[in-house]
Amino acid sequence: MNKSKIALFFLIHSLSCFYQAIANEIDITTYSHLLLNVGAGQPSISVCDFNSDGNLDVIVANYSDSNIITFTGNGNGDLLEVGRFPVGENPSGIAVSDINDDGNIDVAIANHETSYVTLLFGDGKGAFKTTSLSVFKTDLSPHPHLVRLEDLDGDSKVDLIVDSRTHNGLRFYKGQANGRFESLSKLIDTGGDPYRGFAINHINADALLDIVTPNQREIGIATNTSSNKLSFSLKTLAPYDAPFAVELAEMNGDGKIDLIVASNGSSITIIPGDGDGNFREENKTEIKTATGAKQIAIGDINGDGLKDALVSNWSGELYVVLGGKTKIEASSFKLPSIPNPWGVALADLNKDGKSDLIIADGNTKLAAVYISKKH
């Protein structure tokens, strides 16, 4: 793995020491380090401004504890726990948006090994409550893994999208902007089994949101062709080395959305987009890794205006992938305090123009937060 001039080098001394990273040849960023007490099991993280104060806040969903924990941010990198709220069994994925049109952030949870999704409604202060609408029964199969809240059909109402492995696609539940979703779903064919993730973004020049999924042996690319009828044109990138997680972000400075693929094999691949819904495999960058990806987070770690990625791995390693106009490079590191890194997020918690790192453990009920220090 290339660890040259724009790679990150991580030096971990102890929990009370500073965490230091060389972001590039001219900029040295130091990080302050803190630990959050979170719940047990495989965590998922969402970052949003749930109290509308202009500062980013954090929500962590905890698989074994069947709850979410909310932390309010003050804009300086500090996080204060607000509360813990039940979310049904086995929360394996989280999405946030205003689903009842009251101006407050709400939460959707994928409840693994069940037939339902949990909806929690925010009070605008960091508390989330259940209502008669909270247990949303689905017609997917076998059970939900991930959820997304997006306006997929362009009617200015947030829709619910959930993976459906047995049907080789995603289930689309149309939003009604009153906290309800239509119970009868529409299947979006993704050409294979989107086991553990999917990404939604604009991959061509129209105003419609498109979908990319990591199927078992290929990447499914579903281009949205009509918002009113919600129709998609499907193509695949195949064969592929056991893709597990995907994200969409602009990483090379050309203004076109690129594809990041983390495999269950031993690679992370960045494939440039052409802006017309295609990805140029002949120009891809492949990064060798340990076996087994988990989650991908997108942000701007070094503040250069290009998106970067943070990837968790079954090996206990974390991989940083830095976007670049001429080259994409990567480095890996481990955290002694986080032996089984699972949930990851990148967000600028202290408003210095650089994304801070949030890494939640699958074993210890801890999440490590690294805040870049302002210079």
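Quick summary incoming for the structure in this document.

What counts and how
- Residue numbers restart at each chain and count upward from 1, following the sequence in its written direction.
- Whole-chain, interface and lining totals are the exception, using all residues; otherwise, since this is a predicted model, local features are given only for residues with pLDDT of at least 70 and side-chain atom pairs are given and counted only at 80 or more.
- Water and hydrogen atoms were dropped before computing side-chain values, which therefore reflect all heavy atoms in the structure.
- Here, a strand pair is defined by DSSP locating no fewer than two bridges between the strands.
- By definition, any uninterrupted DSSP run of H or I lasting at least four residues is a helix, any uninterrupted run of E lasting at least two residues is a strand, and each is numbered from the N terminus.
- The angle between two axes is taken between their N-to-C directions and runs from 0 to 180 degrees, where each axis is a line fitted to C-alpha atoms and a helix contributes only its stretch in contact.
- A 1.4 Å probe that fits but cannot get out identifies a cavity on a 1 Å grid over protein atoms alone, an open set with protein on both sides within 12 Å along at least five of seven lines counts as a pocket, and a residue lines either if it has an atom within 4 Å of a point.
- Grid points are joined across faces, edges and corners, and a volume is the space filled by probe spheres set on the points.
- All amino acids are sorted into three groups, where Ala, Val, Leu, Ile, Met, Phe, Trp, Tyr, Cys and Pro are nonpolar, Asp, Glu, Lys and Arg are charged, and the leftover types, Gly among them, are polar.
- For the exposure calls, accessible area comes from a 1.4 Å probe over protein chains only, and a residue counts as buried if that area is under 20% of its type's maximum, exposed if over 50%, partly exposed in between.
- Contacts are assigned to residue pairs that have any heavy atoms within 4.5 Å of one another.

### Observations concerning the sheet that holds strand β24 (residues 285–288)
Then, in step 1: The antiparallel open sheet is built from four strands, whose spatial order is β21-β22-β23-β24. Each of the sheet's edge strands pairs with one partner strand only, and the pair in question is β21 (243–249) and β24. The average undirected angle you get between the axes of adjacent strands in this sheet is 15 degrees.
Then, in step 2: In terms of strand pairing, strand β23 (residues 267–271) meets β24 through four bridges, oriented antiparallel. Looking across to β24, one finds that Ser 267 is bridged to Lys 288.

### Remarks on the layout of surface pockets
Then, in step 1: Put simply, the largest pocket is a space of about 1,000 Å³.
Then, in step 2: Lining the largest pocket are 32 residues; nearest its centre among them are Ile 45, Ile 94, Arg 148, Glu 247 and Ile 296.
Then, in step 3: Listing elements by their share of the lining of the largest pocket, those giving two or more residues are β4 (43–48), β8 (91–97), β13 (147–150), β17 (199–201), β21, β25 (293–299) and β29 (341–347).
Then, in step 4: Of the residues assigned to the lining of the largest pocket, the class counts are 21 nonpolar, six polar and five charged.

### A look at unusual backbone geometry
Note: most residues except glycine have negative phi, and most peptide bonds are trans.
Then, in step 1: In this structure, Pro 142 follows Ser 141 across a cis peptide bond, with omega equal to 0 degrees.
Then, in step 2: Phi at Asp 101 is positive, roughly 60 degrees, even though this residue is not glycine.
Then, in step 3: In this structure, Asp 101 sits in the loop between β8 and β9 (106–111).
Then, in step 4: Judged by its relative accessible area of 60%, Asp 101 falls in the exposed class.

### Some details on the sheet that holds β25
Then, in step 1: In spatial order, the strands read β25-β26-β27-β28; together these four strands make up an open sheet with antiparallel pairing. Edge positions in the sheet fall to β25 and β28 (329–333), since each has one partner strand and no second. The sheet shows a mean angle of 20 degrees between the axes of neighbouring strands, direction not considered.
Then, in step 2: Where β25 meets strand β26 (residues 308–313), five bridges bridge the pair, whose relative direction is antiparallel.

### Details of the environment of Phe 128
Then, in step 1: Tracing the chain through its elements places Phe 128 in strand β11 (residues 128–129).
Then, in step 2: Take Phe 128: its relative accessible area is 6%, and that puts it in the buried class.
Then, in step 3: Linking Phe 128 and Phe 50, residues 78 residues apart in sequence, is a C-alpha distance of 10.0 Å.
Then, in step 4: Non-local contacts of Phe 128, meaning those with residues more than four positions away in its chain, are made with Phe 50, Ile 59, Ile 68, Thr 70, Phe 85, Ile 105, Asp 106, Val 107, Leu 120, Phe 121 and Gly 122.

What is shown is where atoms sit, not what they do.
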